[in-house]
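Overview (structure and organization)
As a plain string of letters, each chain reads:
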Amino acid sequence: MFKQIKDLAGGEMYLISSLFIFMVFFILVGVYLIKMNKQHINNMSQLPIEDQENQINEYEIH
Amino acid sequence: MQLEKFTYDNKIVRNFGIAAVIWGIIGMIVGLLVAMQLFSPSANLGNQYTTFGRIRPLHTNAVIFAFVGNAIFMGVYYSLQRLLKARMFSDALSKIHFWGWQLIIVSAVLTLPLGITTSHEYAELEWPIDIAITLIWVVFGINMFGTIIKRRERHLYVAIWFYIATFVTIAVLHIVNSMQLPISFLKSYYLYAGVQDALVQWWYGHNAVAFFLTTPYLGMMYYFLPKMANRPVYSYKLSILHFWSLIFIYIWAGPHHLLYTSLPGWAQSLGVAFSVMLIAPSWGGMINGLLTLRGAWDKVREDVTLKFMVVAITAYGMATFEGPMLSLKQVNGIAHFTDWIVAHVHVGALGWNGFLTFALLYWLIPRMYRTELYSKKLASFHFWIGTLGILFYAIPMYWAGFTQGLMWKEFTQEGLLKNPNFLTTTIQIIPMHKLRSIGGTLYLIGAIAMAYNLAKTMLAGKLVANEPAEAMPLEKDFVETDEMDKKWHRSLERKPIKFLVLSLIVILIGGMVEMMPTFTIQSNIPTITSVKPYTPLELEGRDLYIREGCVGCHSQTIRPFRSETERYGEYSKAGEFVYDHPFLWGSKRTGPDLHRIGGKYGNDWHYNHMIDPTSMSPGSIMPAYQWLAEQELDTTQTVAKINAMRTLGVPYKEGFELKANKKLAEQAELIAADLKTKNITVKSNKEIIALIAYLQRMGTDIKANRLTIPSNQ
């Protein structure tokens, strides 16, 4: 099944270097996520919900 | 610091919403018509402006750029203002954006049926319209970044990240894939040829799906779903991981549209590997969406907007599971060029884009009009008939796709093709196509019911064009008191331009790794000495082939399978396409591949077949092209075309353009004389002669010169 990915007839470098670039990028994003502050994440995820409170005439449809 | 009072612009949101509904219904009606043309040729309406080849692009452009496009702007303009606690940067720019976009759509509606097309799928519009798209996109960008700059919320919520990535990537894709050399006001040739053109087109085509049909919708999902369910997104961290890995990986996946073609093998493998990886971020997003509804599933039963959202996200999950599977070469070998792909695309378009748009409309319109939805029952009816429509659309198309893929490859025990006549398969799947059009009709009825429901809602309420709001302004000189705020990862969320540049770099990597070697390293496109430029008549014939949209049903690339070489002839080589500006490989085989059609039949066969396809192929669903024998070939641009081709690197000798029309007339005379011997009287200056010349040339360069093919091909 993986022959199509392994059998590259000389083009291995393209695949290996591409996957390496992705791995580096993924690790960077991982570090970014680990370093994120919990309180900040909480605040951020509340943004769409709390914006209604800033509207003067709040209305809801029931 | 004082609380600032300001207003949100709801009118522009409403306008984009109305435009989405109107264009959506028009796009779906055209879709239904093209669906009917595939089982009843009379639905081509007997004139050149409504044939399948010309209006299929009208359908795709209408639903992608008019329906989905307007829906994106509706969702972005609503959520952006609220997430940033600021009115849109400029009302004037909002208006220019709105009317400019509608004008572009109208120009597409006018040009595509006239046969004015570049033939690149989902990028068919000619160069002046491409420039207009660029300008309006820039207006959108200025308006968006202007709003971001004057915001009252320091950090950018993840939905805005998706919007920024959409803006920057679509700009890059559109510009790179619109590199054309104009011949006249409405005709141009792509700078790229053959394999390179194919790579650019499918890098664009795949990422138009990624960054027009997916990322803005994910942004809207991350804003509207928490609002509708009244609970925060399941995992904000997951949404960040989703964002970065999705935009990084998506851009690499384009070559999976070109598996088994003459694209270099390593590029195909890269496309496969990254397509398989793509399932991870896609499903991360789907799971994040569905889990946002945890503890709120009781609401789904009551609330029709959430019902639409759940089906939309589920359809996204199904389509993004299927995509990586279809990228595997073994599956692709069967599925490519068949109705399977049509089914796959429509699960995404009808389910993900359509249903999410409907959810937004049902949610937004009553709120902006301060009233209740006119009829919840009718909305519920829409949901059920729409869902049924998707099923009636997708299941028959999957069935038809499997049937095509298997029948094309079936051999008898003696080692011969079981279905040597392509038409056998076409006729076999006609019942499936009829069922599909029923599915499309159901879906359309639902959309019309929604339009009525929303119109009634609008009439009952009054638009709050400027919705009052208040928020604290941002401090001008921001002092980072919080230790965390000094960190690079937090500051990124406050620096939109830095963010834009970073996402630009991320999306450029994939395209560059795939394209630069294909463009610069000679061994990736081995040339074949016997492949010569087209004669002037063939070149004109090729432009007619483009005008009529033949590429919508006929591929021009034979894959190296025994089932294909038996049916069509020698498989296609990269070196055969070096003068093809643009490439015409196609993506669908409603009819057979035409790469080796040259010399297969006589000129008279082609003539009769174009005038009445069923006379040569009983049961054929191809429309008749009788006007080709009536209209005179326009040779006023031949000189300009030869000159343009030379500029693009096609080795026509200096001065050849002066002889071009004479040569053209001579070749046309020969074909007309040959037809005369078969009792067909047609003047040599008719369009059909040029088309026959092109068809007879196709794929013949290497037939008699097999030794000129490089050993690695």
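Secondary structure assignment for chain A yields three helices and zero strands. Along chain A, from the amino end to the carboxyl end, the secondary structure elements read α-α-α. Expressed as a percentage of the 62 residues in chain A, the buried residues total 35%. Roughly 4,000 Å² of accessible area belongs to chain A as shown, and the carbon and sulfur atoms make up 64% of that amount.

In a pair of packed helices, the angle between the axes and the distance between the axes together describe the arrangement. Residue and element names in this part refer to chain B. One way to put it is that helix α6 (residues 194-211) packs onto helix α19 (residues 496-520) with a least axis distance of 10 Å and a crossing angle of 165°. By the angle class used here, α6 and α19 are roughly antiparallel. Regarding α6 and α19, the two cross each other, and that crossing is right-handed. Residues Val195, Gln196, Leu199, Val200, Trp203 and Phe211 of α6 lie in contact with α19, whose contacting residues are Ile507, Gly511, Glu514, Met515, Thr518 and Phe519. Residue composition of the contact of α6 with α19, grouped by class: eight nonpolar, three polar and one charged.

Residues and elements named next belong to chain B. The side-chain alternation of strand β4 (residues 466-471) yields one buried face, formed by Glu467, Ala469 and Ala471, and one unburied face, formed by Asn466, Pro468 and Glu470. Sheet analysis places strand β1 (residues 4-9) next to β4, joined by six bridges and oriented antiparallel. Residue pairing across strands places lysine 5 opposite glutamate 470, the latter belonging to β4.

Our next topic: the domain arrangement of chain B. Residue and element names in this part refer to chain B. Per the domain assignment, the segments making up chain B are domain 1 (9-473 + 482-513) and domain 2 (536-697). The C-alpha centroid of domain 2 is placed 34 Å from the C-alpha centroid of domain 1. With 60 residues of domain 1 at the interface, the matching set in domain 2 holds 54 residues. In total, about 4,700 Å² of surface goes out of reach between domain 1 and domain 2, with carbon and sulfur atoms giving 64% of it. Here domain 1 is connected to domain 2 by three salt bridges. A salt bridge links aspartate 339 to lysine 588; the shortest N-O distance between them is 3.0 Å. At the junction of domain 1 and domain 2, the tally comes to 20 residue pairs in polar contact (both at pLDDT 80 or more). Where the side of domain 1 that touches domain 2 is concerned, the elements lending two or more residues are α2 (52-84), β2 (180-184), β3 (187-190), α6, α13 (329-335), α14 (339-368), α15 (376-409) and α16 (422-428). Broken down by element, the residue count for the side of domain 1 that touches domain 2 peaks at six residues, all from α6. Of the residues assigned to the side of domain 1 that touches domain 2, the class counts are 28 nonpolar, 26 polar and six charged.

Parameters at a glance
- Residues numbered from 1 in each chain as written.
- Chains lettered and ligands numbered in written order.
- Predicted model: local features only at pLDDT ≥ 70, side-chain atom pairs only at ≥ 80, totals over all residues.
- Heavy atoms only, no water.
- Helix = DSSP H or I, 4+ residues; strand = E, 2+ residues; numbered from the N terminus.
- Buried < 20%, exposed > 50% of the residue type's maximum accessible area, 1.4 Å probe, protein only.
- Areas by Shrake-Rupley, 256 points an atom, 1.4 Å probe, with all protein chains shown as cover.
- Axes fitted to C-alpha atoms, helices over the stretch in contact; angles between N-to-C directions.
- Parallel < 35°, antiparallel > 145°, perpendicular 65-115°, else oblique.
- Left-handed = near helix turned anticlockwise from the far one by under 90°.
- Contact = heavy atoms within 4.5 Å.
- Nonpolar A, V, L, I, M, F, W, Y, C, P; charged D, E, K, R; others polar.
- Pairing = 2+ DSSP bridges.
- Domains from an automatic or database assignment.
- Buried area = accessible area lost by both parts, 1.4 Å probe.
- Salt bridge = Lys/Arg side-chain N within 4 Å of Asp/Glu carboxyl O.
- Polar contact = N/O pair within 3.5 Å; in protein donor to acceptor, adjacent residues only side chain to side chain.

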